[in-house]
Amino acid sequence: MSEPRAPRPLSQAEPDRKASDGAPMPERALPNTLPRPPEELERLEHAWKPPSGWRWFSAVNNTQVGVLYIATALLFFVLAGVLGLLMRAQLAVPENTLLSADTYNQVFTMHGTVMMFLFAVPMVEAIAVYLLPNMLGARDLPFPRLSAYAFWAYAVGGLVFFCTIFFGASPDGGWFMYPPLTGTEFSPGTNADWWLLGIGFIEISAIAGAIELIIGILLTRAPGMSLGKMPVYAWSMLVVGFMIVFAFPAIIAGTLLLEMERAFDWPFFIAERGGDPVLWQHLFWFFGHPEVYIIFLPAAGMVSMMVPVVARTPLVGHRAVVVALVGVGFFSFALWVHHMFTAGLGAMSMALVSAASMAVAIPSGIQVFAWIATLWRGRAQMNSITLFLIGFLFIFVLGGLTGVMVAVVPFDWQVHDSYFIVAHFHYVLIGGMVFPMFAALYYWLPLLNGNRLSERLAKWVFGLMFAGFNLAFFPMHISGLLGMPRRVYTYADGLGLNGLNLLSTVGAFVLAAGVVLFLVDLIRTVRLPSRPHEDPWGAPTLEWLPNESYGVRSIPQIEGRDPLWQRPSLSEEVESGRHWLPGTVTGARETLITSPISARILHLVQLPGDGWTPFIAALGTAGFFLLLTVKLIALAFACGLTALVAILVWLWQSDRAPAQLTARIGGHHDVPIAAAGSAKHAWWAMVLLLVVDATIFASLAFAHIHVSMRADVCPPPGAALPAAHWPLLSAGLLIAGSAALFFSRRLLRSRTAVTLLVILAMACATGAFAAEFLGHREAGLAPSTHAWSATVSAMLAFQGLHVFLLLIMGGYVIARAACGLLKERASASLDSAALMWHYVTLQGLVLAGLVNFLPAWMG
């Protein structure tokens, strides 16, 4: 099959193009002006040589992990699509018996769960893991083993989770898992547990990926790539990373509470014992509505990268688009009650959320108008990318309009839980994510092996997908308005729904045909012999520089938003090693750490190489959650212990003092190797992890406040507060432990002092938790009797888990001190332990204050 000739690169078509702000690019001296010795490239290639054979599972490089990540997410997209076709086949005609009610509920639940948890969010992070290092001019992300761990935990756990559909053990309570339907009274088997515990690894994987991406975007950009010059896609992933950090903890807290209710009969959501099913809706949708934008914003970022290329002109309103991305992320956290308009909430809260639901259309509209203006100003080429972008604009705008409609409370009351809502969110999610994803695959696939997908087949793929999608989902607006409810496995004849449902089923299969045709072309293209990817679209961004397993030969100095348009010679300069870090200074994998705002070079960081510990830790993590589901407790904890040991070995190998203090990275420029304290990127990763931790605790605290406010008396009859001396003793010991860790950092050079202070801190943490626990035990805390006592017990258990982690971290620090490995430039273990210690102290103080003083405040 012949391929169309690639368009002429813009640097050839318009060699006099100026910078994005209108100023011509000045000439400047390069870091390296002399020819580079050939052995320098050989050392670089040796350091980044990918593993082969059975060692392939130990790879951690972003290019290898990213490809696996994308392929696995596409697999789940296909599997979820097959489940969707089964649903449509069942609903094609009234009173169909293709699927039983129980089977349909499992298929329906797995379709939504797989699409949202195993495809959409992982695909967002997978594309970022693959693209961002090269787009930012970095050799790799700063924690490559974390990326590998996140992928393998997701892939192994996700495949096992999906296979439950073949054994009739899949969750069947809907992808939203509303109690009391999912409580033990109505779901006594393990189906619900597979959802609650089975997606634990997905939540961990998503959060790990978000922390990796935030640190990578802020601290590993190419020198000179200030925030104002950063690609829009990187901005979108930065916003999404922070959204995941604040949104995902709510669903983690919710799943913990519901699983504890099922396992221990703690009545968080049982109204008869002081619980509230609406509490689950608050926790779920505080995660669930931001997740819609977590899925959409990366797609919007990719659109903002592709539209200027197909239009052959810089993006109109770059700053406005970036502000709009941040605005959408901000507004998304004010909209969760949007899904609860029929839950009996107050008029004021519904009015405020209704207004916010309309307001979020403003920053979304800014981006749409910027894309249209860019296409209008430029000379758009009608190719595969343009087709999917136009399809995206049409479908997403229509979905946004229906979103404004359901933001109107009276209208939402009429269409809530009808097929109108099904149509709405498919127009938003498929239009807002899937169509841009297909455009991105056509656009960026040449980076994989230098080959492009067929333009001739692309027209058929787009036509089938666009026509099939609208044929499938547009009639659902009408069937919803006619009264067809969601989540039903069949419907009666004679309701006027027969033709509409049949059209939707035909459209779904037409859409599937387009996807199958694309997959055939994708497999054909991937199997072609590899060749240099060049820059077939004449794109302006760094990922199109020549790159190998090590990324770019030298890390470029950036002077504008569109570096390849503004400096046509940049590719040749980078490939010849004339920019920063043209080789490897230490013989290991390395990249540059730059300042978060202006991207000024701070220091060189050594990256860990390939290794088995992320793979083993991921297997252990997935095994822990999945085996808990089937009540194999001993094996589950054995897997958890395996994961913990693998992580400790991985960390032990990572935190080592460099053999030399400085590195020459270009010309006469020397920079430090590694850093200490808050200058280290690992320190900021720990801060982000603690933000996640604090948000989980805040969700548990919200649950406690929620059930306290519903109680007639607080504490309720049969519950009591501990005597005052217990929380005071606990608080004093927590503060003493934090003080000990504080002084241990100042006495880093004394191995004995560090060891004694850490032991003292461990004793204080243990004593503090014991005092809190004994106080509540003395007061007769009984978590199964009332939701108030259950929420107190949940927060207490969460604090106990953290004390256990402190003991592990303390022992780890003592072991490193005993081996003489704690040094100023190898102190990440002590710095991380100190951060965790101070956080647990603060969490313990908040816990004591919330439990002991909230009743008095409410009284």
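A brief report on the enclosed structure follows. (Residues numbered from 1 in each chain as written. Predicted model: local features only at pLDDT ≥ 70, side-chain atom pairs only at ≥ 80, totals over all residues. Heavy atoms only, no water.)

Points about the overall build of the chain
Inference 1: Of the regular secondary structure elements, the chain holds 27 helices and 4 strands.
Inference 2: Radius of gyration (C-alpha) of the chain: 28 Å, near the 29 Å computed for a compact globule of 859 residues.
Inference 3: When its C-alpha atoms are laid out on the principal axes, the chain stretches across 85 × 80 × 50 Å.
Inference 4: A total of about 32,600 Å² of accessible surface is found on the chain, and carbon and sulfur atoms cover 70% of it. (Helix = DSSP H or I, 4+ residues; strand = E, 2+ residues; numbered from the N terminus. Rg over C-alpha atoms; globule rule 2.2 N^0.38 Å. Areas by Shrake-Rupley, 256 points an atom, 1.4 Å probe, with all protein chains shown as cover.)

Regarding the nonpolar core
Inference 1: In terms of nonpolar packing, the biggest core is built from 265 residues, with Phe119, Leu132, Tyr233 and Trp444 touching the most fellow members.
Inference 2: If we ignore the near neighbours within four places in the chain, the residues touching Trp444 are Leu131, Met135, Met302, Met305, Glu543 and Trp544. (Core = buried A, V, L, I, M, F, W, Y, C linked by side-chain atoms within 4.5 Å. Buried < 20%, exposed > 50% of the residue type's maximum accessible area, 1.4 Å probe, protein only. Contact = heavy atoms within 4.5 Å.)

As for the packing of helix α4 (residues 101-136) against helix α5 (residues 144-163)
Angle between the axes and distance between the axes: these two values describe a pair of packed helices.
Inference 1: Relative to each other, α4 and α5 sit at 160°, their axes nearing to 12 Å. It follows that α4 is roughly antiparallel to α5 by the angle criterion. The hand of the α4/α5 crossing is left-handed. On the side of α4, the interface is formed by Met110, Thr113, Val114, Leu118, Pro122 and Val129, while α5 contributes Ser147, Tyr154, Gly158, Phe161 and Phe162.
Inference 2: Residue classes in the contact of α4 with α5 are distributed as 8 nonpolar, 3 polar and no charged. (Axes fitted to C-alpha atoms, helices over the stretch in contact; angles between N-to-C directions. Parallel < 35°, antiparallel > 145°, perpendicular 65-115°, else oblique. Left-handed = near helix turned anticlockwise from the far one by under 90°. Nonpolar A, V, L, I, M, F, W, Y, C, P; charged D, E, K, R; others polar.)

Examining unusual backbone geometry
The bulk of non-glycine residues show a negative phi, and the bulk of peptide bonds are trans.
Inference 1: Following Pro179, the chain continues to Pro180 via a peptide bond in cis, the omega torsion being 5°.
Inference 2: Within the secondary structure layout, Pro180 lies in the loop between α5 and α6 (191-198).
Inference 3: In the segment running from Cys714 into Pro715, the intervening peptide bond is cis, with an omega of 0°.
Inference 4: Tracing the sequence through the fold places Pro715 in the loop between α23 (681-710) and α24 (725-746).
Inference 5: Of note in the backbone geometry, Met177 takes a positive phi value of approximately 55° without being a glycine.
Inference 6: Its place among the elements puts Met177 in the loop between α5 and α6.
Inference 7: When its relative accessible area of 0% is taken as the criterion, Met177 is described as buried.
Inference 8: Not every positive phi belongs to a glycine, and Arg487 is a case in point at roughly 60°.
Inference 9: Looking at where Arg487 falls in the secondary structure, it is placed in the loop between α17 (455-481) and α18 (498-526).

Comments concerning the packing of aromatic side chains
Inference 1: Throughout the structure, instances matching the rule amount to 61 aromatic pairs.
Inference 2: Relative to Trp152, the ring of Phe57 lies with its centre 5.6 Å away and its plane at 40°, an arrangement referred to as tilted. Of this pair, Phe57 sits in the loop between α2 (38-47) and α3 (62-90) while Trp152 sits in helix α5, and the two are 95 residues apart along the sequence.
Inference 3: Of the residues examined, Trp152 reaches a relative accessible area of 10% and is grouped as buried.
Inference 4: Considering the side-chain rings of Phe435 and Phe469, the 6.3 Å spacing of their centres and the 70° angle between planes classify their relative orientation as edge-to-face. (Phe/Tyr/Trp six-rings, centres within 6.5 Å; stacked < 30°, edge-to-face > 60°.)

With respect to the side chain of Thr791
Inference 1: Looking at where Thr791 falls in the secondary structure, it is placed in helix α26 (residues 787-818).
Inference 2: Polar contacts involving the side chain of Thr791 include one to the side chain of His704, which spans 2.8 Å.
Inference 3: In this structure Thr791 touches Phe268, Ala703, His704 and Val707, once residues within four positions along its chain are discounted. (Polar contact = N/O pair within 3.5 Å; in protein donor to acceptor, adjacent residues only side chain to side chain.)

A word on the pattern of salt bridges
Oppositely charged side chains are able to pair whenever their charged atoms sit close together.
Inference 1: Tallied over the full model, the rule gives 14 salt bridges.
Inference 2: For Lys631, the salt bridge is made with Asp193, and the minimal N-O distance between the two is 3.7 Å. Highlighted residues: Lys631 in the loop between α21 (613-629) and α22 (633-654) and Asp193 in helix α6, separated in sequence by 438 residues.
Inference 3: Accessibility expressed as a relative area gives 4% for Asp193, which makes it buried.
Inference 4: The shortest N-O distance in the salt bridge between Asp670 and Arg664 comes to 2.8 Å.
Inference 5: On the basis of relative accessible area, Arg664 is assigned to the partly exposed category, the value being 48%.
Inference 6: Several salt bridges share partner residues, and in doing so they unite Asp193, Arg262 and Lys631 into one network. (Salt bridge = Lys/Arg side-chain N within 4 Å of Asp/Glu carboxyl O.)

A closer look at the side chain of Ser354
Inference 1: Inspection of the secondary structure assignment puts Ser354 in helix α11 (residues 347-359).
Inference 2: For Ser354, the contacting residues outside a window of four places in its chain are Phe341, Ala407, Val408 and Val409.

Thoughts on the environment of Val792
Inference 1: Take Val792: it is sitting in helix α26.
Inference 2: Spatially, the C-alpha atoms of Val792 and Leu661 are 50 Å apart, while their sequence positions differ by 131 residues.
Inference 3: For Val792, the contacting residues outside a window of four places in its chain are His704, His776, Leu781 and Val851.

Regarding helix α13 (residues 384-406)
Inference 1: Given a rise of 1.5 Å per residue, 23 residues ought to cover 33 Å, and the 33 Å separating the end C-alpha atoms of α13 matches this to within 8%.
Inference 2: Capping of α13 at its N-terminal end is provided by Asn383; its side-chain oxygen lies 3.2 Å from the backbone amide nitrogen of Ile385. (Expected span 1.5 Å × (residues − 1).)

A closer look at a nonpolar patch on the surface
Inference 1: Taken together, the side chains of Trp54, Trp56, Phe57, Trp612 and Ile616 define a hydrophobic patch exposed on the protein surface, amounting to about 510 Å² of accessible area.
Inference 2: Among the secondary structure elements, Trp612 is positioned in the loop between β2 (601-607) and α21.
Inference 3: Residue class for Trp612 comes out partly exposed when judged on its relative accessible area of 30%. (Patch = residues over 30% accessible without salt bridge, like charges linked within 9 Å, V, L, I, M, F, W, Y side chains within 5 Å.)

Thoughts on the pairing of strand β4 (residues 669-672)
Inference 1: Pairing between strand β3 (residues 662-666) and β4: 4 bridges, direction antiparallel. Looking across to β4, one finds that Gly666 is bridged to His669.
Inference 2: Between β3 and β4, which pair antiparallel in sequence order, lie 2 residues; one of them, Gly667, sits at a positive phi of approximately 60°. (Pairing = 2+ DSSP bridges.)

Remarks on a negative patch on the surface
Inference 1: Among the surface-exposed residues, Glu39, Glu42, Glu45, Glu548 and Glu575 lie close enough to one another that they form a single negatively charged patch.
Inference 2: Broken down by element, the residue count for the negative patch peaks at 3 residues, all from α2.
Inference 3: Along the chain, the position of Glu575 falls in helix α20 (residues 570-575).
Inference 4: A relative accessible area of 40% means that Glu575 is categorised as partly exposed. (Lys, Arg positive; Asp, Glu negative; His and termini not counted. Charge placed at Lys NZ, Arg CZ, Asp CG, Glu CD.)

Some remarks on the packing of helix α9 (residues 277-311) against α13
Inference 1: Contact geometry of α9 with α13 gives a least axis separation of 11 Å together with a crossing angle of 135°. Considering the angle they form, α9 stands oblique to α13. Note that α9 runs across α13; the crossing there is left-handed. Across the interface between the two elements, Phe296, Val303, Met306, Val307 and Val310 of α9 pack against Ile385, Thr386, Leu389, Phe392 and Phe396 of α13.
Inference 2: Partitioning the contact of α9 with α13 into residue classes produces 9 nonpolar, 1 polar and no charged.

Topic: the environment of Leu847
Inference 1: By the secondary structure assignment, Leu847 is in helix α27 (residues 828-858).
Inference 2: The buried category is assigned to Leu847, whose relative accessible area is 2%.
Inference 3: Taking the C-alpha atoms as reference, Leu847 lies 7.8 Å from Leu796; in sequence the two are 51 residues apart.
Inference 4: Excluding anything up to four places from it in sequence, Leu847 contacts Phe697, Met795, Leu796 and Gln799.

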